[in-house]
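Reading the structure
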Protein chains: 2
Amino acid sequence: MLMQSAQSNGPCHIVITGGAGFLGVRLARTLLAQGQLSLAGAPPASIARITLVDRAAPPADLMADARVSVLTGDLNELLEKKDAVVPVIAGDTAIVFHLAAAVSGECEADFDLGMRSNFAATLALLEACRALKTRPVVVFASSLAVFGDAPGQALPSAIEDNTLPTPQSSYGIQKFIGEQLVADYARKGFIQGRNVRLMTVSVRPGTPNGAASSFLSGMIREPLAGVRAVCPVAPDTPVALSSPARTVQGLICAAEASDQAWGPRTGLNLPALTTTPGEMAAALERVAGTAATALIDWTPDPAIRGIVKTWPARIHAARACGLGLLPEESFDDIVQEYIRENPYAVKLPIR
Amino acid sequence: MLMQSAQSNGPCHIVITGGAGFLGVRLARTLLAQGQLSLAGAPPASIARITLVDRAAPPADLMADARVSVLTGDLNELLEKKDAVVPVIAGDTAIVFHLAAAVSGECEADFDLGMRSNFAATLALLEACRALKTRPVVVFASSLAVFGDAPGQALPSAIEDNTLPTPQSSYGIQKFIGEQLVADYARKGFIQGRNVRLMTVSVRPGTPNGAASSFLSGMIREPLAGVRAVCPVAPDTPVALSSPARTVQGLICAAEASDQAWGPRTGLNLPALTTTPGEMAAALERVAGTAATALIDWTPDPAIRGIVKTWPARIHAARACGLGLLPEESFDDIVQEYIRENPYAVKLPIR
């Protein structure tokens, strides 16, 4: 019966922009493992193809999967080639996860780059989806960065579903504009839109990046690898975090929820655990001892502290909760998930 | 001394897009009459030139003023001609009032038209201002249409300064995106930005237009001219209105307020008088008797009623109040202003 109902929806072609990035790769692996996807409340359809669009090539395990296609290049340039043999949005595209973006630091340093990568690319992608005339599902990865302390307009103590975004970075503005475009393309019936605001992800595997939030992964990841790490903010600074697994769960939930269950077209805040670097270090010590926490240098950096304190630290994600999306209960769970998933990256003995 | 301080700021060149429209013309006349303008808190500067940009030519009195220049054409096309002998944004432009827009009905019927006229034109205008490298003041005429009853997300009983906009029309989305662009161009120091949300204007002189709100002027204007008019909603339907004079006052206040007095870069809701068609008719009767109100046909139109009931009817405009911008105290004042300003259009005897 399940097989039949999947077939009645046809095999499903999924496009992931930013598909070679950290979240794109994890999302693709999760989807391939589950093998099927319910599109906006429809019965599950088998996943026939996943197209990963990115500047870089994805990891070998994804390249080796017969269901995976790869489209390598600049997203704007790929979308401009409307008569390409392999377009970004092929005629059978059922769903697009739009994760590709220039990150906040880049957008602040190079305004035109951000407008091109985050704004023009999103508009061109939506136009390509509209041209299909099949109303594909578009899951747009927005960001907690739509919220920022504005001069004369401080953030409330907790972010609610209807808190007014006041972005204080070009990245945040571009993400918020993307939400508006997705909302109106959905209202007009050009797409089925899902605006999802991602939280700061921790613990992110790999190497440090240029983001101001990089330390929120590094202060756990580096000590576990036996490497020194810096925490540039005070131990009692509140921060809102989500694990990689919960973040991908949120993206898939957005794809699968019916229009009715999803609710308003405004951005949905994913849940986040409110913690502090002090509590994070304590959780690290519980699993890896003082050998790990001795590797953390508590070296204040006023520039990073200044940025971090403008981020909302408490998210009251009632809409997400109604969809069954909950934050982790403790940072201990997040550390243990990281260790379980990245055994090769852990050099210290674990209790 | 005043002359000297005006000169120390240099003579001021003002650009008004939509400058031949109802509000653009009134704004230009008001500015020419006052002869000077304080730019964002600076000492008053004399108005040397006002450039009116519009598809249509402005009225003869403006054409005859030596300080007025006219640029006629499609705003997008004019902005695309970057090497034009007379560019939209000349090098000495100190301030732009960006009023030009396709109206809500047009944008809903023709999505691409709205994206071009309201979205692409605003972006191109901001880029032209940025290219000056002189940080001109940009007053962006946004709209109450950024607010709309969303499925599963009803409007609050009164709109506050920090109420989350949930636009339910392409026009509202495009205006809200314009606000975001103006906010970020201002934050980056490319312009001095002022996002002003205009209310429904009544009593608008002239002839009925295609807007769903047209009756809110017509039910006063037409009876005063001895002509029958229709009110398509129930007499007790709450509506939020502002007079033409208060609307232009709001635009000029936005131009003159210092960054500090203006406050956040998010849109500022202008004040509005909450009234009802029943109260409006009573005000009309007080000045023009039952001869006027007998010309109103109370003929319900479910389509218009359906649109009007999604509009916010109560605006708690605290920020505007702090700048000295207040709503009219009664609709009687608005009717009397219309009669005073448009004597040629009043055929019935006035008490």
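Residues numbered from 1 in each chain as written. Chains lettered and ligands numbered in written order. Predicted model: local features only at pLDDT ≥ 70, side-chain atom pairs only at ≥ 80, totals over all residues.

1. Looking at the overall build of chain A
Across its full length, chain A carries 14 helices and 13 strands. At 20 Å, chain A has a C-alpha radius of gyration in line with the 20 Å of a compact globule built from 351 residues. Within chain A, the fraction of its 351 residues that count as buried is 50%. (Helix = DSSP H or I, 4+ residues; strand = E, 2+ residues; numbered from the N terminus. Rg over C-alpha atoms; globule rule 2.2 N^0.38 Å. Buried ≥ 20, exposed ≤ 12 C-beta atoms within 10 Å, placed from the backbone.)

2. With respect to the sheet that holds strand S8 (residues 200-201) of chain B
Residue and element names in this part refer to chain B. Pairing within the open sheet is mixed, and its 3 strands lie in the order S8-S10-S12. The open sheet has two edge strands, S8 and strand S12 (273-275), and neither has a second partner. Note: S8 against strand S10 (residues 239-242), 2 bridges, orientation parallel. Across the sheet, valine 201 pairs through a bridge with serine 242, a residue of S10. (Pairing = 2+ DSSP bridges.)

3. Some details on the domain arrangement of chain A
When the domains of chain A are assigned, the result is domain 1 (2-201 + 242-269) and domain 2 (212-240 + 272-313 + 329-345). Grouping the amino acids of the side of domain 1 of chain A that touches domain 2 of chain A by side-chain chemistry returns 6 nonpolar, 5 polar and 1 charged. (Domains from an automatic or database assignment. Nonpolar A, V, L, I, M, F, W, Y, C, P; charged D, E, K, R; others polar.)

4. Concerning the nonpolar core
Membership of the largest hydrophobic core comes to 212 residues, with the highest contact counts inside it found for A:Ile16 and B:Ile16. With residues near it in sequence (within four places) discarded, B:Ile16 still touches B:Gly24, B:Leu27, B:Ala28, B:Ile50, B:Leu52, B:Val53, B:Phe97 and B:Leu99. (Core = buried A, V, L, I, M, F, W, Y, C linked by C-beta atoms within 7 Å. Contact = placed C-beta atoms within 7 Å.)

5. Some points on the pairing of strand S1 (residues 12-17) of chain A
All names here are of chain A. The buried fraction of S1 amounts to 6 of the 6 residues, a majority that puts the element mostly inside the structure. The two faces of S1 match: Cys12, Ile14 and Ile16 on one face and His13, Val15 and Thr17 on the other face are all buried. Direction of pairing for S1 relative to strand S3 (residues 44-54): parallel, over a ladder of 6 bridges. The residue of S3 that forms the bridge with histidine 13 is arginine 49. When S1 meets strand S5 (residues 93-98), the two strands line up parallel, connected through 5 bridges. Note on S5: the bridge partner recorded for histidine 13 is threonine 93.

6. Brief notes about the interface of chain A and chain B
Each partner contributes residues to the interface: chain A has 21 residues there, and chain B has 21 residues. No other element matches the 7 residues that helix H7 (residues 170-187) of chain A contributes to the side of chain A that touches chain B. Of the residues belonging to the side of chain A that touches chain B, the class tally is 9 nonpolar, 9 polar and 3 charged.

7. Concerning the relation of the copies chain A and chain B
Here the two chain copies are tied together by a rotation about an axis and a shift along that axis. It takes a turn of 180° to lay chain A on chain B, together with a shift of 0.0 Å along the axis; the resulting RMSD is 0.1 Å. The relationship between the two copies is best expressed as a two-fold rotation axis. Within chain A, A:Leu164 has its C-alpha nearest the rotation axis, a separation of 2.3 Å. Comparing interface residues between copies, 100% of those in chain A also sit at the interface in chain B, which points to an isologous, same-surface contact. (Least-squares fit on C-alpha atoms with pLDDT ≥ 70 in both.)

8. Digging into helix H11 (residues 277-293) of chain B
Residues and elements named next belong to chain B. Taking 1.5 Å per residue as the helical rise, H11 with its 17 residues ought to reach 24 Å, whereas the 11 Å between its terminal C-alpha atoms falls clearly short. Here H11 has its buried residues at Pro277, Met280, Ala281, Ala283, Leu284, Ala288 and Ala292. Next to the buried residues of H11 lie helix H8 (215-224), strand S9 (229-231), S12, strand S13 (296-298) and helix H14 (331-341). (Expected span 1.5 Å × (residues − 1).)

9. Considering unusual backbone geometry
Residues and elements named next belong to chain A. For the bond running from serine 202 to valine 203, omega is 5°, close enough to zero to count as cis. If you trace the backbone, valine 203 turns up in the loop between strand S8 (200-201) and helix H8 (215-224). Residues other than glycine seldom take positive phi values, yet lysine 133 does so here, at roughly 65°. Along the polypeptide, lysine 133 turns up in the loop between helix H6 (111-132) and strand S6 (137-143). In this structure lysine 133 comes out as exposed when scored by C-beta crowding, with 10 C-beta atoms within 10 Å.

10. Brief notes about the packing of helix H11 (residues 277-293) of chain A against helix H14 (residues 331-341) of chain A
Residue and element names in this part refer to chain A. The geometry of H11 relative to H14 is characterised by a closest axis approach of 9 Å and an angle of 55° between their N-to-C directions. Comparing the axis directions of H11 and H14 gives the class oblique. As for the relative orientation of H11 and H14, their crossing is right-handed in sense. Along the contact surface, H11 presents Glu279, Met280, Ala283, Leu284, Arg286 and Val287, while H14 presents Phe331, Asp332, Val335, Gln336 and Ile339. Residue composition of the contact of H11 with H14, grouped by class: 7 nonpolar, 1 polar and 3 charged. (Axes fitted to C-alpha atoms, helices over the stretch in contact; angles between N-to-C directions. Parallel < 35°, antiparallel > 145°, perpendicular 65-115°, else oblique. Left-handed = near helix turned anticlockwise from the far one by under 90°.)

11. A few points about the packing of H8(A) against H11(A)
Residues and elements named next belong to chain A. It is at 10 Å that the axes of H8 and H11 come closest, and there the two elements cross at 5°. The orientation of H8 relative to H11 falls into the category roughly parallel. Only Pro277, Met280, Leu284, Ala288, Ala292 and Thr293 of H11 make contact with H8, whose side of the interface consists of Met219, Ile220, Pro223 and Leu224. Counted by class, the contact of H8 with H11 contains 9 nonpolar, 1 polar and no charged residues.

12. Comments concerning helix H6 (residues 111-132) of chain B
All names here are of chain B. Here H6 contains 22 residues, and its C-alpha end-to-end distance of 31 Å stays within 8% of the 32 Å for a straight helix at 1.5 Å per residue. At alanine 120, H6 shows its strongest bend, of approximately 30°. Restricting attention to buried positions, one finds in H6 the residues Gly114, Met115, Ser117, Asn118, Phe119, Ala121, Thr122, Leu125, Leu126, Ala128 and Cys129. Summarising the contacts, the buried residues of H6 are in contact with strand S1 (12-17), helix H4 (75-80), strand S5 (93-98), helix H5 (104-109), strand S6 (137-143) and helix H7 (170-187). At the C-terminal side of H6, lysine 133 shows a positive phi close to 60°. (Bend = angle between axes of the 7 residues up to and from the residue.)

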